Amino acid sequence: IAGMTAMAGGEPGEPNPEAFVYGQEDFVMQAAGWDDPDSAPSRFDRLLLEGWSDRMERGLFRYRLGPLPTRVLPGPVRLVAQLNEQRSAERRPPQPVRSLRDPFDPGAFNFTRLRPAELLFRLCRTGGPGPPPDPLLVAINASPLERGHVLLLPEPARRLPQVLTAPALHGALEAALLSGHPGFLVGFNGLGGGASVNHLHLHGLYLDRPLPLEEAPAEPLGPRLGLLRAGPAPAFLFFAPGPAALEPVSRAVCRAAEHLGGAGLACNVL
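What you see is a predicted model; the values in this text were computed from it and never measured.

## A closer look at the overall build of the protein chain
Item 1. Check the secondary structure of the protein chain and you find four helices and 13 strands.
Item 2. Over its C-alpha trace the protein chain gives a radius of gyration of 18 Å, about what one expects of a compact globule, namely 18 Å for 270 residues.
Item 3. Taking all 270 residues of the protein chain together, 43% fall into the buried category.
Item 4. Taking all contacts inside the protein chain whose residues are at least 6 apart in sequence as the whole, residues at least 24 apart take part in 65%.
Item 5. Across the protein chain, the centroid of the 25 positively charged side chains sits 5 Å from that of the 27 negatively charged ones.

Pasting the structure below:
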C-alpha cells in the first residue's frame with residue numbers, strides 16, 4: 001500500500017527521513033493541462049510542495065524566493081530568460097572542474113553535510129514494473145531556481161561523483177511520473193555542463209510555462225531515438241512507451257552520456 005512509513009536501518013548518524021512509498025498505480029500518465037496546471041496535484045506534489053514551503057517559512061534557504069521577472073527572448077530558439085539576482089549573489093560558489101572525470105572530494109562541500117531539516121522524504125518503489133530504481137532522497141535546493149526546486153540524491157554516503165548512473169536516472173524519471181503538474185521537470189547537470197557540486201545528484205523543479213523545446217520538431221534516428229536541433233545545442237531525444245521501459249531507456253541515456261564524456265564533451269539531461 002502506498003503511503004508514508006518510517007525508514008528503518010541506515011548508517012549510524014545518517015539522516016533518516018520518512019519514506020514516500022509508491023507503486024505503479026501512483027504514476028500520472030496524463031498530467032493536467034497548462035490551462036489549469038493546479039487542477040489535480042498528486043500525492044507526491046502535495047507532499048513535496050508542502051514540505052518545501054514549510055522549509056522556506058523556517059528560513060532554511062539561502063534567500064526567500066519571490067516572483068521572478070521572466071520573458072521569452074526573441075529569435076528562433078525562443079530561450080526563456082529569468083532574472084534571479086539572489087541566486088547569482090548568494091548561492092554557494094560552484095566547485096572548480098578540472099576534468100569531466102574528477103573524483104569525489106570528501107574535503108569539498110557534498111551532500112553528506114546537509115542538515116536533517118533540509119531533507120523532505122525518501123522515494124521508495126514497491127512492486128513492478130521491472131526492478132525498482134535506487135531509492136532517492138528528496139532535499140531542498142537551498143539556492144532555488146523556482147518554486148519546489150529540489151535535489152534528488154542517491155544514497156549520499158556512497159560518495160559517488162557527478163557521473164550519471166542508470167539507477168539514479170531511473171528513479172528521477174519515476175519521480176517525474178509521480179507528479180500531476182505539467183511543468184514538473186527532472187534534470188542532470190554534468191561536470192563542465194553546469195554542475196556546481198561533484199556529488200551525484202539530479203534536480204527536480206516546477207515551471208509555470210511550457211518550454212519551447214517541448215514542441216520542437218525532431219529528426220527520427222531509430223524506433224525510440226530522435227535528434228533535436230532546435231535548441232542552443234543539439235540533443236538526443238529518448239522515448240519510452242511506458243513505465244516498464246524507463247529502466248532500459250535510463251541505461252541507453254547513460255551509455256550516450258558515457259560516450260560523450262569519453263570524447264571530452266560535457267552534457268546535461270532534461
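## Structural notes on the packing of helix α3 (residues 166–178) against helix α4 (residues 246–262)
Item 1. The N-to-C vectors of α3 and α4 enclose an angle of 130°; their axes lie 8 Å apart at closest approach. Looking at the two axes, α3 sits oblique to α4. In this structure, the crossing between α3 and α4 has a hand that is right-handed. Contact residues: α3 offers A166, L169, H170, L173, E174 and L177, while α4 offers L246, E247, S250, R251, V253 and C254.
Item 2. Tallied by class, residues from the contact of α3 with α4 come to seven nonpolar, two polar and three charged.

## Here's the deal with unusual backbone geometry
Most peptide bonds adopt trans geometry, and most residues besides glycine take a negative phi value.
Item 1. With an omega dihedral of 10°, the bond running from G128 to P129 counts as a cis peptide bond.
Item 2. With respect to the helices and strands, the residue P129 is situated in the loop between β5 (119–125) and β6 (136–140).
Item 3. Here R78, not a glycine, exhibits a phi torsion of approximately 55°, which is positive.
Item 4. Mapped onto the elements, R78 comes out in the loop between β3 (70–72) and β4 (80–82).
Item 5. Accessibility expressed as a relative area gives 43% for R78, which makes it partly exposed.
Item 6. With a phi angle near 55°, R159 is a residue other than glycine that sits in the positive phi range.

## Observations regarding the sheet that holds strand β10 (residues 219–222)
The strands making up a sheet associate through hydrogen bonds between their backbones, and the pairing can be parallel or antiparallel.
Item 1. If you trace the three strands from one edge of the open sheet to the other, you get β10-β11-β12, paired in antiparallel fashion. Each end of this open sheet is capped by a strand with a single partner; those strands are β10 and β12 (235–238). Strand after strand, the sheet turns through a mean of 35° between neighbouring axes, direction not considered.
Item 2. Examined bridge by bridge, β10 and strand β11 (residues 225–228) share three bridges and lie antiparallel to one another. The residue bridging G222 from the neighbouring strand is L225, located in β11.

## Some points on the pairing of β12
Item 1. Relative to β12, β11 runs antiparallel, the two being bridged by four bridges. Looking at the pairing, L225 lines up with F238 of β12.

## Here's the deal with the pattern of salt bridges
Item 1. Enumeration according to the criterion identifies 11 salt bridges in this entry.
Item 2. For the salt bridge of D54 with R55, the shortest nitrogen-to-oxygen distance reads 3.3 Å.
Item 3. Taking the relative accessible area as the measure of exposure, D54 reaches 32% and is therefore partly exposed.
Item 4. The exposure class assigned to R55 is buried, which follows from its relative accessible area of 13%.
Item 5. R229 serves as the salt-bridge partner of E219, at 2.6 Å between the closest nitrogen and oxygen. In this pair, E219 sits in strand β10 while R229 sits in the loop between β11 and β12, placing the two residues 10 residues apart along the sequence.

## Thoughts on a nonpolar patch on the surface
Item 1. Together, L221, F236 and F238 make up a nonpolar patch on the protein surface, roughly 270 Å² of accessible area in all.
Item 2. As for its placement among the helices and strands, F238 is situated in strand β12.
Item 3. Residue classification places F238 among the partly exposed positions, given a relative accessible area of 30%.

## So, a positive patch on the surface
Item 1. Positive charge collects at one region of the surface, where R62, R92, R113 and R159 lie side by side.
Item 2. By the element assignment, R62 lies in the loop between α1 (43–57) and β3.

## Section: the side chain of N110
Item 1. Its location among the elements puts N110 in the loop between α2 (85–90) and β5.
Item 2. A distance of 3.0 Å separates a polar atom in the side chain of N110 from the backbone oxygen of A108.
Item 3. The residues touching N110, leaving out its near neighbours within four places in the chain, are F104, D105, V197 and H199.

Parameters at a glance
Residues numbered from 1 in each chain as written. Predicted model: local features only at pLDDT ≥ 70, side-chain atom pairs only at ≥ 80, totals over all residues. Heavy atoms only, no water. Helix = DSSP H or I, 4+ residues; strand = E, 2+ residues; numbered from the N terminus. Rg over C-alpha atoms; globule rule 2.2 N^0.38 Å. Buried < 20%, exposed > 50% of the residue type's maximum accessible area, 1.4 Å probe, protein only. Contact = heavy atoms within 4.5 Å. Lys, Arg positive; Asp, Glu negative; His and termini not counted. Charge placed at Lys NZ, Arg CZ, Asp CG, Glu CD. Axes fitted to C-alpha atoms, helices over the stretch in contact; angles between N-to-C directions. Parallel < 35°, antiparallel > 145°, perpendicular 65-115°, else oblique. Left-handed = near helix turned anticlockwise from the far one by under 90°. Nonpolar A, V, L, I, M, F, W, Y, C, P; charged D, E, K, R; others polar. Pairing = 2+ DSSP bridges. Salt bridge = Lys/Arg side-chain N within 4 Å of Asp/Glu carboxyl O. Patch = residues over 30% accessible without salt bridge, like charges linked within 9 Å, V, L, I, M, F, W, Y side chains within 5 Å. Areas by Shrake-Rupley, 256 points an atom, 1.4 Å probe, with all protein chains shown as cover. Polar contact = N/O pair within 3.5 Å; in protein donor to acceptor, adjacent residues only side chain to side chain.

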